[in-house]
Amino acid sequence: MIEPKNENYDNKLEYIYLSDFPINKTFVYLENSLKNKLLENSIKKAGSQRMLANLINLSLNYPKIRQSIISEWLKKDFIRLDIIFFLNKYTELNIDLDNNIKMLKGQSTSRQIINPKFPICINEELVSILANLYCDGTTSDLDSHTTEYFNQEYTLISKIKNNFDKVFGEVNITERYIEDTRIHNIRIPHYLGRLFCKKFDLIEDNVPKVIKNSQPKIQGQYLRAVFDDEGTISKGYSQIRLKMKKESYVNDIKSILLSLGIESSDIYLEKYVKGKFGLPCYYFNISGYYNIKNFADKVGFDHPKKLIRLKDYLEKIKEHNYGYKANKKVLDILKIKGQMNKKQIALLLDRNDRTVQHHLNNLLKDNLVKFKKVWKGYSYEYIWYAKRK
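Residues numbered from 1 in each chain as written. Predicted model: local features only at pLDDT ≥ 70, side-chain atom pairs only at ≥ 80, totals over all residues. Heavy atoms only, no water.

### Observations regarding the packing of helix α1 (residues 32-46) against helix α4 (residues 81-91)
Heads up, the condition is: Each axis is a line fitted through C-alpha atoms, taken for helices only over the stretch in contact, and angles between the N-to-C directions span 0 to 180 degrees. Numbering of helices and strands runs from the N terminus; a helix is a DSSP stretch of H or I covering at least four residues, while a strand is a stretch of E covering at least two. By the definition adopted for this analysis, an angle is roughly parallel if under 35 degrees, roughly antiparallel if over 145, roughly perpendicular if from 65 to 115, and oblique otherwise. Each crossing gets its hand from how the near helix is turned against the far one by less than a right angle, where anticlockwise is left-handed and clockwise is right-handed. Any two residues having at least one pair of non-hydrogen atoms within 4.5 Å are treated as being in contact. Side-chain classes are defined by residue name, with Ala, Val, Leu, Ile, Met, Phe, Trp, Tyr, Cys and Pro counting as nonpolar, Asp, Glu, Lys and Arg as charged, and the others, Gly among them, as polar.
Look at α1 against α4: their axes get within 9 Å of each other, and the N-to-C directions meet at 55°. Of the possible angle classes, the one that applies to α1 and α4 is oblique. Classified by chirality, the crossing of α4 by α1 is left-handed. Touching Leu38, Leu39, Asn41, Ser42, Lys45 and Ala46 of α1 are Ile84, Leu87, Asn88, Tyr90 and Thr91, all from α4. In terms of residue class, the contact of α1 with α4 is made up of six nonpolar, four polar and one charged.

Pasting the structure below:
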């Protein structure tokens, strides 16, 4: 297997390899000439089909294998992945399997990936899939489960389907519409679900480590999928909210937003009862023109209704403000610039004098700033400065 050369990425989490699939539950289709070459060279080296069967049994713990199965492989299209790996190593042919697998499927399904692309780089489409499956999807590392995604907005259904094809190749995805709830549902081959669970700990209630360590552009696409599924923008358009059941996950999202320069409120607990089995939710808000503008630039929405509200807010807002942590903006300016009056601060922050005075008063109450009165010939002017620790 040939691994990509990339000096910037040493962590194998940056790629999905063929070997990341459950090798004893994944079946692959090689071109007949390559498959037969592997088998014929293996039989010749082992001495006979029976002796090759014995060797595979000892090496891979495959007690059901017989000479007849070796014969069947010469006729079959699909062979289990661990067998292909074993034969490739045993014959020392070193076939580049990443670029010669024509189809791939799971153990108990005929649903295939056609012309899979390996190795798969961790890109914007893949991280979007991971977010969708965690937020509005279901998956498991158990064989008996299925991997599905649900959404009322068909734009997002189309997006995840296209993303699967872009990332993996031509993926066989089934789709249905649930009329009672007006929800679109797609079912994805579950061997992909098991792959996500194994590779990215998708069933854990945290953002995958590979996302936390990714470039801002990758993080932005992951966050976009999260907010498309779980975010809301208020009818007054003045704030964006993320509300979910797992506090650890919400906290991870908040931390990534902050790393992108997008500030948000504290995380709050909302207790509610939905029948007898309702669960509490945790949420935070993003407010203020500059924070929402920053969100639009670095994250944004693909959900059409949310996108319209976001654009509408940014076009119609009359007063540019910082929302949460605005006091900190004022304090930071005083620390950097030194002594200033409120008009000078307002000019730098693109705010009106009255709003700046409000924040200065709050900072004064917190004992973070001080002021002095300077006579200007006709009245006193208040000069503000940050208090030294």
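### Concerning the packing of helix α5 (residues 124-136) against helix α6 (residues 154-168)
Each packed pair of helices is defined by two parameters, the angle between the axes and the distance between the axes. Look at α5 against α6: their axes get within 9 Å of each other, and the N-to-C directions meet at 135°. What the angle tells us is that α5 and α6 run oblique. Considering the relative orientation of α5 and α6, their crossing is left-handed. In this structure, α5 contributes Glu125, Leu126, Ser128, Ile129, Asn132 and Leu133 to the contact, and α6 contributes Lys159, Ile160, Asn163, Phe164, Lys166, Val167 and Phe168. Looking at side-chain class alone, the contact of α5 with α6 contains seven nonpolar, three polar and three charged residues.

### Examining the pattern of salt bridges
What counts, and what does not: Put simply, a salt bridge is a Lys or Arg side-chain nitrogen that is within 4 Å of an Asp or Glu carboxyl oxygen. Only protein chains enter the area calculation, which uses a 1.4 Å probe; residues under 20% of their type maximum are buried, those over 50% are exposed, and those in between are partly exposed.
Considering all chains together, one arrives at 15 salt bridges under this definition. A salt bridge links Glu148 to Arg187, with the shortest nitrogen-to-oxygen separation between them at 3.2 Å. Note that Glu148 is positioned in strand β8 (residues 147-151) and Arg187 in strand β11 (residues 183-188), a separation of 39 residues in sequence. Residue Glu148 is classed as buried on the basis of its relative accessible area, which comes to 8%. Among the charged side chains, a network of salt bridges with common partners joins Lys159, Arg224, Asp228 and Asp302.

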